[in-house]
Amino acid sequence: MHGAWGTHRRSDMTSIQHITRHLVANASSPASQRPSKAATVRKLLSRAKGASIAELRQSTGWQPHSIRAYLSGLRKKGFVLVREQHGESGTLYRIEDAAAESSTDATAQAD
């Protein structure tokens, strides 16, 4: 029998099953869990340079409209998002550091 299913040997299937069992058994351990896509987006947006839609898309696999919807949701939750145009690299989005902003406001009011 030819084709994808007919070419596997028994030892190949055994190793695939072994790997699958290993992944399932270790999936519940906290060390092996990957961060959520939402956490990944927030981390990228928290960088000083921020992130472009293309970077966010590449890291999450989300469509551009889903990324924009998530950004809108962050705004509704109270995050301050800054949108900056950067020539050839396009539009970059970043989360404004509210702690730094509030300390700057307090300093300005004290003067």
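Structure: above.
The shown structure was predicted, so the numbers you read here are calculated from the model rather than taken from an experiment.

What counts as what
Residues numbered from 1 in each chain as written. Predicted model: local features only at pLDDT ≥ 70, side-chain atom pairs only at ≥ 80, totals over all residues. Heavy atoms only, no water. Pairing = 2+ DSSP bridges. Helix = DSSP H or I, 4+ residues; strand = E, 2+ residues; numbered from the N terminus. Buried < 20%, exposed > 50% of the residue type's maximum accessible area, 1.4 Å probe, protein only. Polar contact = N/O pair within 3.5 Å; in protein donor to acceptor, adjacent residues only side chain to side chain. Contact = heavy atoms within 4.5 Å.

**Q** Just give me the short version of the sheet that holds strand β2 (residues 81-86), but keep the residues and values in it.
**A** Strand order across the open sheet formed by three strands is β1-β3-β2, with antiparallel pairing between neighbours. Of all the strands in the sheet, the pair left with one neighbour each is β1 (51-52) and β2. Sheet topology note: the β1/strand β3 (residues 90-95) ladder contains two bridges and is antiparallel. Note on β3: the bridge partner recorded for S52 is L92.

**Q** Go over the side chain of T60, please, and point to the residues and values.
**A** By secondary structure assignment, the location of T60 is in helix α3 (residues 53-60). The class for T60 is buried, based on a relative accessible area of 5%. At 3.1 Å, the side chain of T60 forms a polar contact with the backbone nitrogen of W62. Apart from residues lying up to four places away in sequence, T60 is in contact with K37 and V41.

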